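Topology and contacts: notes
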Amino acid sequence: MNRRVALAVAGLSLVLAACTAGSGAGSSSPAAQSSHKPVTLTVWSFFTGRELRQFDSVLNGVKKTAPWITINSVGGKDPTAILRAINSGTAPDVAIEPGPDDSAKYCATGAWINLNPYISQDHINLSSLSPPAALRYTSYKGDQCSLPMLSDAYGLYYNTDMFKAAGITSPPKTFSQLEADAKKLTKKNANGTFKVVGFDPLQSFYESYALDYGIYSGAAWYDSAGKSALASDPRWAQLLQWQKSFADWYGYNNLVKWLQSVGGANSEFSASNAFETGKVAMEMDGEWRVAFIASDHAKIHYATAPFPVADNVAGNYGAGQIGGTIIGIPKGSPDPADAWQVVKYMALGTHAEESLGELLKNVPTTYPSLKDPVLSSNPGFDTFLKIFANPHSGYKQITPLGTADGDLFSSFVDKYLAGSIPNLKAGLQSVANQINRQAQLG
Amino acid sequence: MTRIDVAEFPPAVHPPASRRARRRRRHLRRYGVVLLFMSPWIVGLLVFTLYPTIASLYFSFTHYDLLSSPQWVGLSNYRFMFTDPLFWQSLRNTLWMVVFATPLQVAFAIGCAMVLVRVRQGVGIYRTIFFVPTMVPAVAATLGFVFLLNPTGPIDRVLSLLHIPQPIWFQQPNWSKPGLLMLGLWGVGNTMIIFLAALLDVPKELYEAADIEGANAWQRFRNVTLPMISPVIFFSLVIGVIYGFQYFTEGYVASGGDPSTLGSPQGSLLFYSIWLYQNGFQYFHMGYASAMAWVLFIIIMATTLVLVRSSRRWVHYQGGFL
């Protein structure tokens, strides 16, 4: 290569490297001390409209514990916006994301600072405050780069009138009971279309996300070597075989047509939601549905229960999929010690957690706030508080892959349930290989 | 012999150094003014085109997650591409759109333009009706088609009344891309307007000559119209192919507006640009996404070159260019 060209390429590489974010993984550097001087902190969250106003009303309460802090709350910031800000050195002092999927990447790259030094400095015993599953999805390899601020918990919603009419006295606790009840509850119109579907086992139906079923079947997402366990853990294959035979009873296309006839996937967060309009007897959904049913004035009688589990892990009944909002401090914050005051107040403060739970209708994430009488007195909502506190509840193991593993698996399940995958084991192996290769990718 | 007096040809006198310097300064000043006026464009080119282009080429050889410094990994992103089943699936879906949708859209646009050329009354109204769909934003148009092609939507109801099987368009892999193809045909007004102009530009004498020679309608179309509008067909094909390879919005919206569904139903709407976007901005695999972008660039460039080379055989320029 011409020497000048070589020098130009080398120079360009240096410039490009200099123009990109540079940092290593987060290290446990000593916690900075707050000077208690008046400071304005910028807090970015994904909340908008009414939710942002409610969130701000709680956030501004930080002044009670740290009067020198003034908050500048900015809503409507999604994870990509936060990432761009970190990358360009304009990150907010405190960032809030709607899901825990990015927390491993933030920890691994040091994009959000490790909170352990601050937690130790304040002598906080996190395990006495939050369930272990919530701490797992906010940390990676021992670094606590975020804290759970609010969570979702998933359970079973069932129509009590339909249960009574079908002679079913209690909600199903296992997959086989769920299937049997669903078949009893399914009703057809004269033209053969579904009048009521007992339970839609397709993952395209609202919150029925394939990977979430791992919690209910006891299947592991990754093995001890950190490789995808989709092929090596036989419970995944068993789960999918059950799901497919269940879907085949209805007919895959019949279920797809039925969902479209009730407004498609977009009807989930509208008053035409299939459960709220009595077109489906049972569904997996999050705790927020309690508030939606009330605000939509749905004319149904319903109850909530933990979602059924696979027959071979019946002892896990009561647990469920959990996971939700995370809060942390992006690197580059000039006042990390003051930012920690905000994080601590919002994630670990009982009053803040209770208020957020009551206003936003989500599950608070600390043990004391789970006892909030306002939330626990609602029998529909109380189910989800118990699911969150259940030691077997959890979220998919987080990795720097973010949502890629879930998306790839979900795409595979979509094809398998439609009958496009002839060999389940080979298919699962292929997805596992793909996930493992994605983990190597840059 | 004429005697030439050397005194008539005095030795060349070079301008003094100060004058040369003045002239050079004047030149520089002139270049400076030119550069000053061009600077907005030059800065734009350097910052918004050249730098991103070179940066993406560099990133394509790195492991880059947007959060830490890129690490040189050589060709591994390119090697991964060939073992990535979703890369191939997205490429197949995209090629389907390029191969089927682009020629069909061009043919449909020609057909519409030919019909409009013959309209005698209310031409403006018809032109507007055909053109209006192109003014509808792609997202709104796609959502409209998702509604129209819903199993309970008007089209399937009509099919039901006629006792014709009703596909679940955007929920069945075999029907999802044809659904988008119909959307593309509906929005063909832009191309149609260009063909309309080209058709009106064909000299009448050529048709008169063909009539005298006894040519029928098909022969007039085949031997007069098509050759005369072939430059516009070529232009539309090149633009259509480039657009087809970059197909994104309609596929993204029709698959649910959520890239994590990976081109639902069953990956049939996972187009190349969607998989690229998903890797770059959802999974933060910016190195891999950059490699995909460069492969796409090479594919588009190669296809365009093939079209340009083939055009020498079938595109006729009235002015005799090429």
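Counting restarts for each chain: residues are numbered from 1 in the order of the written sequence. The naming scheme follows written order: chains are lettered A onward, ligands numbered 1 onward. In keeping with the model being predicted, local features are shown solely for residues with a pLDDT of at least 70 and side-chain atom pairs are shown and tallied solely at 80 or more, while totals for entire chains, interfaces and linings include all residues. Hydrogens and waters are ignored; side-chain quantities use all the structure's heavy atoms.

Next up on the list: the overall build of chain B. Runs of H or I in DSSP of at least four residues are treated as helices and runs of E of at least two as strands, each being numbered from the N terminus. Of the regular secondary structure elements, chain B holds 13 helices and two strands. The C-alpha extent of chain B, read off along each of the three principal axes, is 110 × 75 × 35 Å. In the form shown here, chain B has an accessible surface area of approximately 18700 Å², with 67% of it arising from carbon and sulfur atoms. Put simply, chain B has 23 plus and 12 minus side-chain charges, and the middle of one group is 13 Å from the middle of the other. Accessibility throughout is a Shrake-Rupley quantity obtained with a 1.4 Å probe, and a residue counts as covered only by protein chains that appear here. None of His or the chain ends enter the tally, which takes Lys and Arg as positive and Asp and Glu as negative. To locate a charge, the coordinates of NZ of Lys, CZ of Arg, CG of Asp or CD of Glu are taken.

Moving on to the overall build of chain A. Check the secondary structure of chain A and you find 20 helices and 13 strands. Scaling as 2.2 N^0.38, a compact globule of 442 residues should have a C-alpha radius of gyration of about 22 Å, and chain A matches this with 24 Å. Overall size of chain A, expressed as C-alpha extent along the three principal axes, is 75 × 65 × 35 Å. Three exposure classes are used, based on accessible area relative to the maximum for each residue type with a 1.4 Å probe and protein chains only: buried under 20%, partly exposed in between, and exposed over 50%. A buried classification covers 58% of the 442 residues belonging to chain A. Residue pairs in contact within chain A that sit at least 24 positions apart in sequence constitute 74% of those at least 6 positions apart. Charge separation in chain A, taken as the distance between the mean sites of 35 positive and 36 negative side-chain charges, equals 4 Å. In this setup the radius of gyration rests on C-alpha atoms only. A globule is expected at 2.2 Å times the number of residues raised to 0.38. Here, residues are in contact when the closest pair of their heavy atoms is within 4.5 Å.

Attention now goes to the sheet that holds strand β3 (residues 94-97) of chain A. All names here are of chain A. Two strands are said to pair when DSSP picks up at least two bridges between them. Read across the open sheet, the five strands follow the order β2-β1-β3-β13-β6; overall the sheet is mixed. With partners counted over all chains shown, the strands left at the sheet margins are β2 (69-74) and β6 (147-148), one partner each. With three bridges connecting them, β3 and strand β13 (residues 326-328) associate as antiparallel partners. Each residue of the ladder has a partner; that of I96, found in β13, is I327. The sheet contacts of helix α2 (residues 49-59) involve β1 (39-44), β2 and β3, and relative to β2 the element is tilted by about 165°. Axis geometry follows a simple rule: fit a line to the C-alpha atoms, using only the stretch in contact for helices, then measure angles between N-to-C directions, giving values from 0 to 180 degrees.

Glancing now at the pattern of salt bridges. All names here are of chain A. In the sections that follow, a salt bridge refers to a side-chain nitrogen of Lys or Arg positioned within 4 Å of a carboxyl oxygen of Asp or Glu. Scanning all chains against the criterion turns up ten salt bridges over all chains. Across the salt bridge formed by R235 and D233, the nearest N and O atoms sit 3.1 Å from each other. On the basis of relative accessibility, which here comes to 31%, the residue R235 falls in the partly exposed class. What makes D233 buried here is its relative accessible area of 9%. Between D248 and K244 there is a salt bridge, with its nearest N and O atoms 3.2 Å apart. In this pair, D248 and K244 are both assigned in helix α11 (residues 234-250), four residues apart and thus about one turn of the helix distant. Residue classification places K244 among the buried positions, given a relative accessible area of 17%. Residues joined in a network through salt bridges with shared partners are E276, E283, D285 and R289.

A contiguous patch of positive charge on the surface is contributed by B:R19, B:R22, B:R23, B:R25, B:R26, B:R29 and B:R30. Position of B:R23 relative to the elements: it lies in helix α1 (residues 17-59). Surface patches are defined over residues having more than 30% relative accessible area and no salt bridge, joining like charges when they lie within 9 Å and nonpolar side chains (Val, Leu, Ile, Met, Phe, Trp, Tyr) when within 5 Å.

With that out of the way, let us pick up the interface of chain A and chain B. Chain A puts 41 residues into the contact, and the matching count from chain B is 44 residues. Buried area counts how much accessible surface, traced with a 1.4 Å probe, disappears from two parts once they are put together, with both parts' losses summed. Taken together, the two surfaces of chain A and chain B that pack against each other cover about 3600 Å², and 60% of this comes from carbon and sulfur. Between chain A and chain B we count zero salt bridges in total. Here a polar contact means two N or O atoms within 3.5 Å. Within protein one must be a hydrogen donor candidate and the other an acceptor candidate, and residues neighboring in sequence count only if both atoms are side-chain atoms. Here chain A is connected to chain B by eleven residue pairs in polar contact (both at pLDDT 80 or more). Looking at the side of chain A that touches chain B, the elements with two or more residues in it are α1 (3-19), α4 (79-87), α5 (103-109), α12 (252-261), α19 (404-417) and α20 (424-439) of chain A. Each residue belonging to the side of chain A that touches chain B can be placed in one class, and the counts come to 16 nonpolar, 17 polar and eight charged. Each residue gets one label: Ala, Val, Leu, Ile, Met, Phe, Trp, Tyr, Cys and Pro are nonpolar, Asp, Glu, Lys and Arg are charged, and the others, such as Gly, are polar.

Here A:L356 shows up in helix α15 (residues 350-360). Discounting residues that sit within four places of it in the chain, A:L356 has contacts with A:F55, A:V58, A:M149, A:L150, A:M346 and A:K361.

This part is about the state of the cysteines. Residue and element names in this part refer to chain A. Criterion for a disulfide: a pair of cysteine sulfur atoms within 2.5 Å. Throughout the structure, instances matching the rule amount to one disulfide over all chains. Disulfide pairing is shown between C107 and C145; the S-S distance is 2.3 Å. On the sign convention where negative is left-handed, the bridge of C107 and C145, at about 130° about the S-S bond, is right-handed. Of this pair, C107 sits in helix α5 while C145 is found in the loop between β5 (143-144) and β6, placing the two residues 38 residues apart along the sequence. A residue is classified by how much of its surface remains accessible, and C107, at 2% relative accessible area, is buried.

Backbone phi values are negative for most residues with the exception of glycine, while trans is the configuration of most peptide bonds. B:S264 connects to B:P265 through a cis peptide bond whose omega is 10°. Its location among the elements puts B:P265 in the loop between α11 (249-254) and α12 (272-282). The phi dihedral of A:K141 falls on the positive side, at around 50°, and the residue is not glycine. Following the sequence through the fold, A:K141 ends up in the loop between β4 (139-140) and β5. In this structure A:K141 comes out as exposed when scored by relative accessible area, which is 71%. In this model, B:F284 sits at a positive phi of 60°, which is unusual for a non-glycine residue. Take B:F284: it is sitting in the loop between α12 and α13 (286-314). What makes B:F284 buried here is its relative accessible area of 3%.

Below, the discussion takes up the confidence of the model for chain A. Confidence scores per residue from the predictor, reported as pLDDT, run from 0 to 100. Overall, the predicted model of chain A reaches an average pLDDT of 90, with 93% of residues at or above 70. Throughout residues 9-27 of chain A the model reports pLDDT below 50, and contacts reaching past four residues in sequence, or to other chains, amount to 34 contacts.

Let's shift gears to the side chain of A:E353. All names here are of chain A. Within the secondary structure layout, E353 lies in helix α15. For the buried residue E353, which engages in no salt bridge, the nearest side chain bearing the opposite charge is K371, 14 Å off. Setting aside residues no more than four positions away along its own chain, E353 makes contact with P148, M149, L150, M346, A347, P364, T365, T366 and S369.

This part covers the packing of helix α5 (residues 138-148) of chain B against helix α7 (residues 173-186) of chain B. Residues and elements named next belong to chain B. Between α5 and α7, the shortest axis-to-axis distance is 10 Å and the interhelical angle comes to 125°. Considering their axes alone, α5 and α7 lie oblique with respect to each other. Taken as a pair, α5 and α7 cross one another with a handedness that is right-handed. Along the contact surface, α5 presents A141, T142 and F145, while α7 presents G179, M182, L183 and W186. Residues belonging to the contact of α5 with α7 are distributed by class as follows: five nonpolar, two polar and no charged. By the definition adopted for this analysis, an angle is roughly parallel if under 35 degrees, roughly antiparallel if over 145, roughly perpendicular if from 65 to 115, and oblique otherwise. With the far helix as reference, a near helix turned anticlockwise by less than a right angle produces a left-handed crossing, and one turned clockwise produces a right-handed crossing.

Every buried residue belonging to α5(B) is among B:A141, B:T142 and B:F145, and all of these are buried. All buried residues of α5(B) project into a common sector of 95° when viewed along the axis, lining one side. Read the arc as the range of directions from the helix axis to the C-beta atoms.

Membership of the largest hydrophobic core comes to 154 residues, with the highest contact counts inside it found for A:F409, A:F412 and B:W275. In contact with A:F412, other than residues within four places in its own chain, are A:L240, A:I421, A:L424, A:G427, A:L428 and A:V431. As used here, the term nonpolar core means buried Ala, Val, Leu, Ile, Met, Phe, Trp, Tyr and Cys residues forming a set that is joined through side-chain atoms within 4.5 Å.

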